[in-house]
Amino acid sequence: MLTSKIIEYIDKSVLCWLATSSKENIPNVSPKEVFTHFNSEYILVANIASPRTVKNILENNQVCISFIDVLVQKGFQLKGKAEIISNSDTRFNKLSTPLLQITQGKFSFNTITKITVEKAKEIIAPKYILYPETTEEEQIESAKKLYSL
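One numbering rule holds for all chains: residues counted from 1, following each sequence as written. Local features in a predicted model are, by the rule used here, given only for residues with pLDDT of at least 70; side-chain atom pairs are given and counted only at 80 or more, and totals for whole chains, interfaces and linings are based on all residues. Values shown for side chains rest on all heavy atoms present in the structure; no hydrogens or waters enter the calculation.

Quick look at the environment of N87
Piece 1. Only DSSP runs of H or I reaching four residues or more are called helices, and only runs of E reaching two or more are called strands; each is numbered from the N terminus. With respect to the helices and strands, the residue N87 is situated in the loop between β6 (74-86) and α3 (92-103).
Piece 2. Exposure classes here rest on a 1.4 Å probe applied to the protein chains alone. A residue is buried below 20% of its type maximum, exposed above 50%, and partly exposed in between. Given a relative accessible area of 45%, N87 falls into the partly exposed group.
Piece 3. For the pair N87 and P51, spaced 36 residues apart in sequence, the C-alpha separation works out to 15 Å.
Piece 4. Aside from chain neighbours lying at most four places away, what touches N87 is F92 and N110. We call two residues in contact whenever any of their non-hydrogen atoms come within 4.5 Å of each other.

Next up, the structure:
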């Protein structure tokens, strides 16, 4: 389910947003800084300061994760099922390896959210739709001006 285009956007996104819901259907969206793909099969998220996210997933494993390239203003919204992998699980060491490379030892985590993607939808800024002649280069320049980069 993770296409090369989705993987490309995961690799160039610095944050993602993980949406969960409690058993009472109370939504929660939390930014995540340490995330990656694994074998083009799963998305992995390090649970660094995520007690609500973990609790919600244990109650309701349906999640939505979104990420965009903030300059190009394109990305993806992915929906699927999440599983919490604890450090006592035999899979933890293998799954934590790419996440530890990202953290470079600066953040510790005892659980990982492993997401199996079931649906994918591309996210694009409205300008691309309203003004179809808009190029990515123009969008990047516009974003740089807007964000004073």
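More follows now that the structure is in view.
Side note on the nonpolar core
Piece 1. In terms of nonpolar packing, the biggest core is built from 24 residues, with L2, I6, I43, I65, F67, L78 and I115 touching the most fellow members.
Piece 2. Contributions of two or more residues to this core are made by α1 (4-12), β1 (16-21), β4 (42-46), α2 (51-59), β5 (62-69), β6 and β7 (111-124).
Piece 3. Other than its neighbours up to four places away in sequence, L2 contacts I7, H37, S40, E41, Y42, I43, L78 and V117.
Piece 4. Residues belong to one nonpolar core when they are buried, are Ala, Val, Leu, Ile, Met, Phe, Trp, Tyr or Cys, and are joined through side-chain atoms within 4.5 Å. By size, the runner-up hydrophobic cluster in this structure holds 11 residues, among which are I85, F92, L99 and F109.

Some thoughts on the pattern of salt bridges
Opposite charge on two side chains permits them to pair, given that their charged atoms come into close proximity.
Piece 1. Salt bridges are defined by distance alone: a side-chain nitrogen of Lys or Arg within 4 Å of a carboxyl oxygen of Asp or Glu. A full pass over the atoms with the stated rule returns 9 salt bridges.
Piece 2. Here E59 makes a salt bridge to K55, at a shortest N to O gap of 2.6 Å. A residue pair is termed a helical-turn pair when its members lie 3 or 4 positions apart in one helix, as E59 and K55 do in helix α2 at 4 residues.
Piece 3. For E59, a relative accessible area of 28% translates into the label partly exposed.
Piece 4. A salt bridge links K114 to E83; the shortest N-O distance between them is 3.4 Å. On the criterion of sequence distance, the pair formed by K114 in strand β7 and E83 in strand β6 is long-range, its members being 31 residues apart.
Piece 5. Under the relative-accessibility criterion, E83 is labelled partly exposed at 30%.
Piece 6. Here the salt bridges share partners, and the residues they tie into one network are E83, D89, R91 and K114.

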